[in-house]
Amino acid sequence: MTQVTMQSCPHCGAQNPWGSTFCSSCGKALPTGMPSGPRVVGAKDFATTAAGQKLQGDELRKTAKKAAGALLAVAILQTLGVGLLFVLLQNLPGARRGALPQAAQILIGAQVGVAVIFWGLWFWARVSPLPAAIVGLVLYATLVTINVVTSVSQMSQNNGKPGGGGFGGIGIGWLDIIIIAVLVRAISAGATHRKLMQQQAAGI
Amino acid sequence: MPAVSAAPVEPTSYAAPASQAQAGTGPAPPRFCNTCGAPLHPDWVDACPHCAARHARALQAPAASIAKNTPINSAIALYFAFLGASVVMMIAIFAGANAVTTDFVISALCSVLVVAWCVVARRDVAPALARSGNPLWYPAAIGGAVATFTIASIALFLLSHLLHVPQLRMTDEFVHQGYRLPTLILCIAVQPGVIEELAFRGVILTGLQHVLSPWESIFVSALMFMIIHLSVPSFPHLFVIGMALGWLRVQTGSLYPGMLLHFTHNLLCVVFELWRPFDGITFPW
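Definitions and cut-offs
- Residues numbered from 1 in each chain as written.
- Chains lettered and ligands numbered in written order.
- Predicted model: local features only at pLDDT ≥ 70, side-chain atom pairs only at ≥ 80, totals over all residues.
- Helix = DSSP H or I, 4+ residues; strand = E, 2+ residues; numbered from the N terminus.
- Buried ≥ 20, exposed ≤ 12 C-beta atoms within 10 Å, placed from the backbone.
- Contact = placed C-beta atoms within 7 Å.
- Core = buried A, V, L, I, M, F, W, Y, C linked by C-beta atoms within 7 Å.
- pLDDT = per-residue confidence, 0-100.
- Axes fitted to C-alpha atoms, helices over the stretch in contact; angles between N-to-C directions.
- Parallel < 35°, antiparallel > 145°, perpendicular 65-115°, else oblique.
- Left-handed = near helix turned anticlockwise from the far one by under 90°.
- Nonpolar A, V, L, I, M, F, W, Y, C, P; charged D, E, K, R; others polar.
- Expected span 1.5 Å × (residues − 1).
- Arc of directions from axis to C-beta.

Visitor: Is there a simple way to think about the overall build of chain B in this case?
Guide: Looking only at helices and strands, chain B has eleven helices and one strand in total. Buried residues in chain B amount to 42% of all 285 residues. Put simply, of all contacts in chain B between residues at least 6 apart along the chain, 65% involve residues at least 24 apart.

Visitor: When you look at the overall build of chain A in this model, what are you seeing that I'm missing?
Guide: Per the secondary structure count, chain A includes four helices and three strands. Counted from the first residue to the last, chain A has its helices and strands arranged as β-β-β-α-α-α-α. Taking all 204 residues of chain A together, the buried fraction comes to 34%.

Visitor: What am I meant to see in the nonpolar core here?
Guide: Burial of nonpolar side chains together is a common tendency in soluble globular proteins. Membership of the largest hydrophobic core comes to 93 residues, with the highest contact counts inside it found for A:Ala67, A:Leu71, A:Ala133, A:Leu183, B:Val203, B:Ile204 and B:Met224. Take this core: its biggest share by element is twelve residues, from helix α8 (residues 181-209) of chain B. With residues up to four places along the chain from it excluded, the contact list for A:Ala133 reads A:Ala67, A:Ala125, A:Leu183, A:Ala186, A:Ile187 and A:Gly190. Residues A:Cys9, A:Phe22, B:Phe32 and B:Leu40 belong to the second largest nonpolar core, which totals seven residues.

Visitor: Would you take a moment to explain the confidence of the model for chain A for this structure?
Guide: Note that predicted coordinates carrying low pLDDT should not be read in detail. All names here are of chain A. With 75% of its residues at a pLDDT of 70 or more, chain A shows a mean pLDDT of 76. Least confident of the elements in chain A is strand β3 (residues 45-46), whose mean pLDDT is 64; most confident is helix α3 (residues 129-157), at 86. Contacts for the low-pLDDT stretch residues 33-39, under 50 throughout, to residues beyond four places or in other chains number 15 contacts. Overall, residues 162-168 carries pLDDT values under 50, and its contacts beyond four positions in sequence, including any with other chains, amount to 19 contacts.

Visitor: Would you take a moment to explain the packing of α3(A) against helix α4 (residues 174-201) of chain A for this structure?
Guide: Residue and element names in this part refer to chain A. Where α3 meets α4, the axes come as close as 9 Å, and the angle between the chain directions of the two elements is 150 degrees. The angle between α3 and α4 places the two elements in the roughly antiparallel class. Regarding α3 and α4, the two cross each other, and that crossing is left-handed. Only Asp176, Ile179, Ile180, Leu183, Val184, Ala186, Ile187, Gly190, Ala191 and Arg194 of α4 make contact with α3, whose side of the interface consists of Pro129, Leu130, Ala133, Ile134, Gly136, Leu137, Tyr140, Ala141 and Val144. Split by residue class, the contact of α3 with α4 holds 15 nonpolar, two polar and two charged.

Visitor: So what exactly am I meant to see when it comes to the packing of helix α2 (residues 102-127) of chain A against α3(A) here?
Guide: How two helices sit against one another is set out by the angle between their axes and by the gap between those axes. All names here are of chain A. Between α2 and α3, whose axes approach to 8 Å, the crossing angle comes to 155 degrees. With respect to their mutual orientation, α2 and α3 come out roughly antiparallel. As α2 packs across α3, the resulting crossing turns out to be left-handed. From α2, Val114, Ile117, Leu121, Trp124 and Ala125 reach across to α3, where they touch Pro129, Ala132, Ala133, Val135, Gly136, Leu139 and Leu143. Its residues placed into classes, the contact of α2 with α3 shows eleven nonpolar, one polar and no charged.

Visitor: Any chance you could explain unusual backbone geometry here in plain terms?
Guide: Working note: non-glycine residues mostly have negative phi, and peptide bonds are mostly trans. The phi angle at B:Leu230 is positive, at roughly 55 degrees, despite the residue not being glycine. Inspection of the secondary structure puts B:Leu230 in the loop between α9 (214-228) and α10 (235-252).

Visitor: I keep staring at the environment of B:Ile241 and nothing clicks. Help me out?
Guide: Residue and element names in this part refer to chain B. Residue placement: Ile241 occurs in helix α10. For Ile241, a count of 27 C-beta atoms within 10 Å puts it in the buried group. Put simply, Ile241 and Met226 are 15 residues apart on the chain and 8.7 Å apart in space, counted from C-alpha to C-alpha. Those residues in contact with Ile241 that lie beyond four places of it in its chain are Thr148 and His265.

Visitor: Teacher, can you tell me more about the confidence of the model for chain B here?
Guide: Residues and elements named next belong to chain B. Per-residue confidence for chain B averages 78 on the pLDDT scale, and 75% of its residues sit at or above 70. Across chain B, the element-wise mean pLDDT spans from 40 in helix α1 (residues 17-23) up to 94 in α9. Here residues 1-25 scores under 50 on pLDDT; set against residues more than four positions off or in separate chains, the count is 44 contacts. Low confidence marks residues 53-62, where pLDDT is under 50. Its contacts with residues over four positions away, or in another chain, come to 52 contacts. Two numbers describe this predicted complex: its pTM, 0.74, and its ipTM, 0.73.

Visitor: Is there a simple way to explain helix α4 (residues 99-120) of chain B in this structure?
Guide: Since the α-helix turns once every 3.6 residues, residues separated by three or four places project in the same direction. Residue and element names in this part refer to chain B. Compared with an ideal rise of 1.5 Å per residue, which puts 22 residues at 32 Å, α4 spans 31 Å between its outermost C-alpha atoms and is within 8% of the ideal. When we look at burial in α4, the residues that qualify are Asp103, Cys110, Val114, Trp117 and Cys118. Looking straight down α4, one finds its buried side chains confined to an arc of 90 degrees; they lie on one side. Away from its buried face, by an angle of more than 90 degrees, α4 presents the exposed residues Thr101, Ala108, Val112, Ala116, Val119 and Val120. The inward-facing, buried residues of α4 abut α3 (70-94), α5 (122-130) and α8.

Structure follows, in structure tokens:
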């Protein structure tokens, strides 16, 4: 159990938790210079009162639910990407309409598969964000890694000129970083939330 | 300024002031909200009804620490270590290294890495290694391998014949370079059977079980197992195999039946590829 630092009220001398704005005994304002507003327990601690646990649990759950937003964004982008790819391949010079080459069909099939998986993950994340966010992170980071490897190998083939594909020169963009960061935060919050529930159930 | 131990922990949000009087050393119940200064009802001390926000006392109560997320972080980190190994292998082959030699080196590195990881996470992995489970699970695992091999063969047969997905034969490169059956079995059946089971059903599945329900853990670890193989056409049957292996691990509490299933499945793939009883059909990993 950690100790909470206290401060004395200059008006009545009562002890108040550090960071309080008003004295809990006389109601007068406490000296400024300390952060006002509620002091929230850190991510590695959990509140010990029922009300505190509920507030903290809600907060963690909200963060975990952000995974759904990130997964939805990926699903939409992937779907748009497949559509674009399909149109581009259809209009390749020399391509007959409706008869895509074998390699292109397989490429589109794989991309559609990935899009379907992300739509599924989005639905799943709305029900239970933690497992869906873990799978989402693993799949998305794997796709980004493959993209980077492909771009770098193309670059080395083209003597240092960035190859096609990928957002930036090496196949990783700001959007990738943001999506991964949101998923990592969601996993962390989701895992802490589950722990909080377990500890509550165990009656600590 | 003395660091006073904070108020005793109230079991509910409706803690009566009497409970504090009994505790003796605790401070008097607050009469005003720390955050907004509004008067509080003496019976309701946990959260302020005026500023409603995450208020003081509720959250200022001594915070007990939450067990860290170490096992789940370790599970995800091990996945990325595997991914890193695959990337190194892709780059090496791209740079013109011998595919079979690269496979030997990367497999050896992965084996060392996974064994070291298991030693670090021994608290999670040791119980599953110490238990052998009901002996009846072992023949069941061999039967399961025949079943998963059949499913995988059908899936790949459909993909290659209906969608014309090209297939790759794992053994060709080995055979081409003059390696014989024992090396093939060691590299394609024994090494993955033991090391992938230790990693995916040992470290990862057990790590996930700390925060997920058993079915969620099986499902997530099966998806991770599926994705790490980096082959979209193989996803359906890899997912089935991952679910079967995860279920076996949870059901038996042991890693050995899963290792047997994985080994037998891969062995069947090697044998059928070399034997070629049905030419034109190639076999899955």
